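# Architecture and fold: a report
Letter by letter, the chains look like this.
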Amino acid sequence: MRSPPVRAAKARSRRARAAALAAAALSALPSPAAANGVFPSADQIVFDPADPARAVARMTYGLLATRDGGASWHWICEGAVGYDDTGGVAPPIAAAEGGRVLAALSDGMAIGAEGGCAFARAAELEGKAVLDLSVRQGDPSHVVAVVAGQRHGLWASRDGGARWASAGALLPAGFQARTVDVAPSDPRRIYVSGLATGGGPVKGELARSADGGETWETSVVPGSTTSREPYIAGVDPRDADVLYVRIASAPGRLFVSRDGGATFEPVFDTQGFVRAFAISPDGAEVAVGSDIDGVFRAPSSTLSFERVSGVAPRCFAWTEAGLYACASEFLDDFTIGRSLDGGATFEPLLRQACIRGPLDCATSTSVGALCPLDWPRIAMMTGHEDCAPDAGSPAASGGASASATGAGGATAASGAGGAASGAGDTGGAPEVSAGGARPAGGAPARARAGPARSPRRAWRRPRRRGGGALSAACRPSRSPALAASARAPRPACPHAAPAPRSGPRPPRGARSPSPAPARGRPPC
């Protein structure tokens with residue numbers, strides 16, 4: 001008999017601090033920062049199946065692309081992709097064969113080529129509302145999408161999204177789709193989650209097909225309804241019958257089905273939203289993240305979750321290179337980070353002030369023509385800095401930063417829930433080697449025993465400390481001219497008091513040989 005579902009510990013103080021922080025930050029920043037009603041952040045990241053150093057992150061103000069494993073990030077504006085996020089709704093994205101970046105839009109499918117510089121539209125889907133899409137793991141040429149209509153239906157591409165065709169039969173009448181996924185181990189096994197509106201109260205359902213969409217069966221997702229919609233979290237890469245479904249609401253819940261979606265069992269509960277979920281590439285472990293309770297990890301064989309970090313993730317992506325997470329800079333000191341120990345510690349890969357600018361594209365492309373015009377607004381919103389490493393800094397010499405979250409604890413930046421530690425430790429502050437470089441072996445720095453950090457540290461703005469690669473990269477660099485001017489002797493101030501003269505002191509009460517500067521005269 002399986003143990004009852006894990007209920008994450010309550011963290012009302014963290015939720016209250018986060019809400020107050022968001023409100024204060026939105027009111028303090030310039031108006032463009034909250035143009036779409038949400039704070040600038042990332043909520044999805046996808047990787048090129050053929051080149052893991054190339055990735056695209058979906059932001060609340062467009063997309064960010066990296067071609068060097070996260071060392072540098074460049075901006076792709078919404079207009080170049082073909083959507084407007086002023087309503088706060090961003091399109092689902094996917095990375096497919098040939099380096100294509102696909103975006104499911106309310107009026108079609110955007111197809112990004114030339115490294116993300118040029119976006120075209122799929123002619124077969126033009127004018128149709130594409131709700132979600134999924135690239136089959138292990139075969140990036142196979143892409144499926146669910147499209148709205150009088151009856152929602154499935155579309156498929158076998159060339160990485162270049163050409164599309166309707167696939168199989170329409171979904172059952174009254175079924176309003178929300179998410180779609182194709183099983184990595186069986187291309188004919190397709191799952192679609194949504195709401196059933198045909199007669200009676202609205203309820204959440206899962207539609208499943210074992211023949212590529214030719215026939216459909218549905219089952220009810222327990223506890224789901226209009227305000228608690230079911231979203232597919234993932235499908236086991238080894239077993240097409242095992243899938244995970246999350247409830248997109250707070251309090252959140254995660255279900256597992258081991259019989260192809262016929263029945264569901266709750267395995268994780270949280271006071272917040274279940275915003276992040278990932279399965280390890282070998283299927284042996286799963287990670288789930290709550291914006292209130294942190295990061296939890298469990299073997300897929302038992303699903304006995306344990307809390308490993310206090311980071312509040314907004315998304316996960318698990319590749320052979322590690323577990324990637326989207327997070328809040330104000331709470332966790334990074335926007336995108338990577339963990340090499342299953343979510344216990346995270347190395348920052350992106351801070352928004354260090355975005356390099358628009359993606360470098362020819363002016364004949366949509367990105368090259370549109371994005372530079374809007375970059376000043378984004379630069380002001382993100383607090384853009386010159387992030388070139390200083391000469392001789394650890395970043396310039398190959399050093400790496402070590403930011404840590406402890407098992408059962410929080411990040412060193414947030415401090416909520418406990419002290420930071422390295423993999424396998426239980427507390428303490430992060431220990432960094434001389435010069436800020438990570439210890440040999442590539443693992444995050446081990447933790448030194450010490451008192452837990454105050455939770456108040458969570459809401460402070462990220463520190464710009466020296467010693468780590470990211471902190472060094474985020475320090476504005478000095479030009480040679482500025483450096484020379486800083487070393488040059490300052491000219492004498494005409495309003496300064498004269499230097500003390502040598503010789504006998506004037507008699508008491510005598511007038512000073514040089515009167516003090518008049519009021520209102522500018523200081524030097």
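Below you will find a few notes about this structure. Given the structure is predicted, the values throughout are model-derived calculations rather than measurements.

One covalent bond between the sulfur atoms of two cysteine residues makes up a disulfide. Evaluation of the coordinates by the stated rule reveals 4 disulfides. Paired through a disulfide, Cys315 and Cys326 show a sulfur-sulfur distance of 1.8 Å. The sign of the S-S torsion, about 55°, decides the handedness of the disulfide formed by Cys315 and Cys326: right-handed. You can see Cys315 sitting in strand E26 (residues 315–319) and its partner Cys326 sitting in strand E27 (residues 322–326), a full 11 residues away along the chain. Like Cys315, the residue Cys326 is buried in the burial classification. Disulfide partner of Cys354: Cys387, at an S-S distance of 2.4 Å. With the S-S dihedral at roughly -80°, the linkage between Cys354 and Cys387 falls on the left-handed side. On the criterion of sequence distance, the pair formed by Cys354 in the loop between strand E29 (347–350) and helix H4 (366–382) and Cys387 in the loop between H4 and strand E30 (429–430) is long-range, its members being 33 residues apart.

The next subject is the sheet that holds E27. Spatially, E26-E27-E28-E29 is the arrangement adopted by the 4 strands of the open sheet, whose pairing is antiparallel. Of all the strands in the sheet, the pair left with one neighbour each is E26 and E29. The mean inter-strand angle of the sheet, taken between neighbouring strand axes irrespective of direction, is 25°. The pairing of E26 with E27 spans 5 bridges and is antiparallel. The partner of Cys315 across the bridge, within E27, is Cys326.

Working note: regular strand, side chains alternate between the two faces of the sheet. Burial analysis of strand E15 (residues 190–196) places 7 of its 7 residues in the buried class, which makes it a mostly covered element. As paired elements, strand E14 (residues 175–182) and E15 share 7 bridges and run antiparallel to each other. Among the inter-strand pairings, Val182 is bridged to a residue of E15, identified as Ile190. Relative to strand E16 (residues 203–209), E15 runs antiparallel, the two sharing 7 bridges. Residue pairing across strands places Tyr191 opposite Arg208, the latter belonging to E16. The hairpin turn running from E15 into E16, its antiparallel successor, is 6 residues long, and Gly199 in that turn takes a positive phi close to 75°.

Cut-offs used in this document
- Residues numbered from 1 in each chain as written.
- Predicted model: local features only at pLDDT ≥ 70, side-chain atom pairs only at ≥ 80, totals over all residues.
- Heavy atoms only, no water.
- Disulfide = S-S within 2.5 Å.
- Helix = DSSP H or I, 4+ residues; strand = E, 2+ residues; numbered from the N terminus.
- Buried < 20%, exposed > 50% of the residue type's maximum accessible area, 1.4 Å probe, protein only.
- Pairing = 2+ DSSP bridges.
- Axes fitted to C-alpha atoms, helices over the stretch in contact; angles between N-to-C directions.

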